[in-house]
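Per-entry structural report
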Amino acid sequence: MIDLTGFGQEERPEQQSGDFQPIPEGTYQCVIDRVEVRKTAAGDNMLSITNKITGPNHAGRLLFDNLNLWHSNSATACEIALATLWQIHDACGLKSLLADAEELVNRNVDVRVVVEPHWDKDKAAGGEKLNRIKKYISPANSTQGKAEGSAPAKGGAKMPWEK
């Protein structure tokens, strides 16, 4: 028997729906919370990065980024992922790529976030939106402090897929 007496007998806690609305577009202070290799739906490895917002707005919210460094069918996807990985290293003040990606954990970065239609066509058809990290920025070079929901700053280096 597993004794559950004393756990919520008096009051039921409010349940979390797990349905998070996207945060407004803007630049947010974050810490890299977790870095791990995960599988894509196609079975390839990808580098999955979890960023935790530290403030001042939306502290504790998580922002996810998946880098398809090992995409088996698209050299372009690999190039984009590598460019983003370099951007993360630059934002952390690193001059070369670390041998161990887990060494990125607990480093501070600012991220520019946009809101886009959901990647799942059925969810997008229903109007669902999600956040995407558009750019990693060094906290020292950031325009952070802009009001939540403000438009992302213009300028700076473009990613390979941006025209």
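Note that the structure is predicted; figures quoted are calculated from it, not measured.

1. Structural notes on the overall build of the protein
What the protein contains, in helices and strands, is 2 helices and 5 strands. Helices and strands appear in the protein in the N-to-C order β-β-β-α-β-α-β. A buried classification covers 31% of the 163 residues belonging to the protein. Pairs at least 24 apart in sequence give 52% of the contacts found in the protein among residues at least 6 apart. Accessible surface for the protein amounts to roughly 10,700 Å². Of this, 50% is attributable to carbon and sulfur atoms.

2. A few points about the confidence of the model for the protein
With 75% of its residues at a pLDDT of 70 or more, the protein has an overall mean of 82. Note that pLDDT drops below 50 for residues 145-163; the model gives that stretch 31 contacts with residues more than four away or on any other chain.

3. A short note on helix α1 (residues 75-91)
Here α1 is 17 residues long and its end C-alpha atoms lie 24 Å apart, about the 24 Å a rise of 1.5 Å per residue gives. Here α1 has its buried residues at A77, C78, A81, T84, L85, Q87, I88, H89 and A91. For α1, the secondary structure elements touched by its buried residues are β1 (26-39), β2 (45-55), β3 (62-67), β4 (108-117) and β5 (129-137). A positive backbone phi angle near 80 degrees is found at G93, which sits one or two residues after α1.

4. Focus on unusual backbone geometry
The step from G55 to P56 runs through a cis peptide bond, and the omega angle for that step is 0 degrees. When you line up the elements, P56 lands in the loop between β2 and β3. One non-glycine residue, H58, adopts positive backbone phi at about 65 degrees. Among the structural elements, H58 can be located in the loop between β2 and β3. A positive phi angle, near 75 degrees, is found at N106, a position not held by glycine. Looking at the secondary structure, you find N106 in the loop between α1 and β4.

5. Quick notes on the environment of D65
Its location among the elements puts D65 in strand β3. Taking the relative accessible area as the measure of exposure, D65 reaches 12% and is therefore buried. D65 has contacts with L47, S48, I49, T84, I133 and Y136, leaving out every residue within four places of it along the chain. A distance of 2.8 Å separates polar atoms of two side chains, one belonging to D65 and the other to Y136.

6. Let's talk about the environment of I88
Mapped onto the secondary structure, I88 falls in helix α1. A sequence separation of 16 residues divides I88 from L104, and the C-alpha atoms of the two residues are 8.7 Å apart. In this structure I88 touches I32, I49, L67, L104 and Y136, once residues within four positions along its chain are discounted.

What counts, and at which threshold
- Residues numbered from 1 in each chain as written.
- Predicted model: local features only at pLDDT ≥ 70, side-chain atom pairs only at ≥ 80, totals over all residues.
- Heavy atoms only, no water.
- Helix = DSSP H or I, 4+ residues; strand = E, 2+ residues; numbered from the N terminus.
- Buried < 20%, exposed > 50% of the residue type's maximum accessible area, 1.4 Å probe, protein only.
- Contact = heavy atoms within 4.5 Å.
- Areas by Shrake-Rupley, 256 points an atom, 1.4 Å probe, with all protein chains shown as cover.
- pLDDT = per-residue confidence, 0-100.
- Expected span 1.5 Å × (residues − 1).
- Polar contact = N/O pair within 3.5 Å; in protein donor to acceptor, adjacent residues only side chain to side chain.

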